[in-house]
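What the coordinates show
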Amino acid sequence: MSGLLYPPHCPVCDTILPLNGAKICSVCEKTLPWVVQPCCMKCGKMIGDPGKEYCDDCLRVRHVYDQGKAIFQYTGRLRASVGRIKSGSRREYLDYYADIMAECGQKWLTLWKPDVIIPVPMYWKKKNRRGYNQSEILAEKISRRTGISVMANAVRKVRDTRAQKELTTADRRKNLKGAFELQRKLSDIRTVLIIDDIYTTGSTVDELAKTLKREGVLRVYFLTLCIGKGKKAIYIDGKM
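Source: prediction; values computed, not measured.

Position of Y93 among the secondary structure elements: in helix 5 (residues 93–104). Of the residues examined, Y93 reaches a relative accessible area of 1% and is grouped as buried. As a C-alpha pair, Y93 and D14 span 79 residues in sequence and 9.2 Å in three-dimensional space. If we skip the residues at most four places from it in the chain, Y93 touches H9, C10, P11, D14, S81, R84 and I85. A polar contact is formed between the side chain of Y93 and the side chain of R84, at a distance of 2.8 Å.

Quick look at the structure:
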């Protein structure tokens, strides 16, 4: 009955799905903009040149985090999907995306062996306005699928920073400086996996990693749903 009142929608195109348990429509499933090799060995961004190990961004910036991976390219359709999650209350999409992140990220989780998962926190006023933190929901769902404990309240965002998309790379780092604060001791935690929805320049992950490493965490990795373009890659939805 609930399916008739609140029918499930495809997370990519938002069309209503048949009531057969499908979490994505057949058309979108065939044309998902996967991240494929060659990828940067640091941030996981597609680089287009199989002879290179790192993207131009990671060659210019010394990141605080250790390594990261993403599942999809942050293209038009995924950009619109994430936008609906954030401003259109489509949190239902997160169930499908958590499945994909847990499944496709398993080989990296096996390699990294994180002790805990920590989602990127939101400033409390922003979270109250939206009603939820999409990164926190992803982290909790991934935790249930992988068995890795999640510490959703380990870090707090203490400043209401400007939207990162409005800023240059340098200004993004200044904008986030000192924005996170540890809320509990992490004395037995050596390796942390950060979960977020989008990776662009790495400023958010770096600032969070800095906060964690300052308190004794040795290794910080990240897994995100989407990642922005590398400067040398040409992106088309579904393929490169």
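Turning to helix 5, a few remarks are in order. For helix 5, which comprises 12 residues, the first-to-last C-alpha distance of 17 Å matches the rise-based estimate of 16 Å (1.5 Å per residue) to within 8%. Along helix 5, the positions that sit buried rather than exposed are Y93, L94, Y96, Y97, A98, I100, M101 and A102. In this fold, the buried residues of helix 5 make contact with strand 1 (67–73), helix 4 (76–87), helix 6 (106–112), helix 8 (134–146), strand 6 (191–199) and strand 7 (219–227).

At a closest axis distance of 9 Å, the pairing of helix 5 and helix 8 adopts a crossing angle of 50°. By the angle class used here, helix 5 and helix 8 are oblique. Considering only the axes of helix 5 and helix 8, their crossing is right-handed. Between helix 5 and helix 8, the residues in contact are L94, D95, Y97, A98, D99, M101 and A102 and Q134, I137, L138, K141, I142, R145 and T146, respectively. Counted by class, the contact of helix 5 with helix 8 contains eight nonpolar, two polar and four charged residues.

Let's shift gears to the confidence of the model for the protein chain. Per-chain confidence: the protein chain averages 88 in pLDDT, with 87% of residues scoring 70 or above. pLDDT under 50 marks residues 232–240. Its contacts with residues more than four places away, or in other chains, come to 28 contacts.

To continue, consider helix 10 (residues 203–214). Since one α-helical turn is 3.6 residues long, residues separated by three or four positions face the same way. Along its 12 residues, helix 10 runs 16 Å from first to last C-alpha, staying within 8% of the 16 Å computed at 1.5 Å per residue. Along helix 10, nine of the 12 residues are buried, which leaves the element largely enclosed by surrounding structure. The set of residues buried in helix 10 consists of S203, T204, V205, D206, E207, L208, A209, T211 and L212. Of the residues trailing helix 10, G216 is marked for its positive phi of about 110°.

Turning next to the packing of helix 4 against helix 5. Packing of helix 4 against helix 5 leaves a shortest axis separation of 10 Å and a crossing angle of 125°. It follows from the interaxial angle that helix 4 and helix 5 lie oblique. Between helix 4 and helix 5, the residues in contact are L78, S81, R84 and I85 and Y93, L94 and Y97, respectively. For the contact of helix 4 with helix 5, the per-class residue count stands at five nonpolar, one polar and one charged.

Read across the sheet, five strands follow the order 1-7-6-2-3 without closing on themselves; strand pairing throughout is parallel. The open sheet terminates on both sides in strands that have one partner only, identified here as strand 1 and strand 3 (149–150). In terms of strand pairing, strand 1 meets strand 7 through six bridges, oriented parallel. Counted as the bridge partner of Q67 is Y221 from strand 7. Together, strand 1, strand 6 and strand 7 form the strand contacts of helix 5, whose direction differs from that of strand 1 by roughly 130°.

Calculation rules
Residues numbered from 1 in each chain as written. Predicted model: local features only at pLDDT ≥ 70, side-chain atom pairs only at ≥ 80, totals over all residues. Heavy atoms only, no water. Helix = DSSP H or I, 4+ residues; strand = E, 2+ residues; numbered from the N terminus. Buried < 20%, exposed > 50% of the residue type's maximum accessible area, 1.4 Å probe, protein only. Contact = heavy atoms within 4.5 Å. Polar contact = N/O pair within 3.5 Å; in protein donor to acceptor, adjacent residues only side chain to side chain. Expected span 1.5 Å × (residues − 1). Axes fitted to C-alpha atoms, helices over the stretch in contact; angles between N-to-C directions. Parallel < 35°, antiparallel > 145°, perpendicular 65-115°, else oblique. Left-handed = near helix turned anticlockwise from the far one by under 90°. Nonpolar A, V, L, I, M, F, W, Y, C, P; charged D, E, K, R; others polar. pLDDT = per-residue confidence, 0-100. Pairing = 2+ DSSP bridges.

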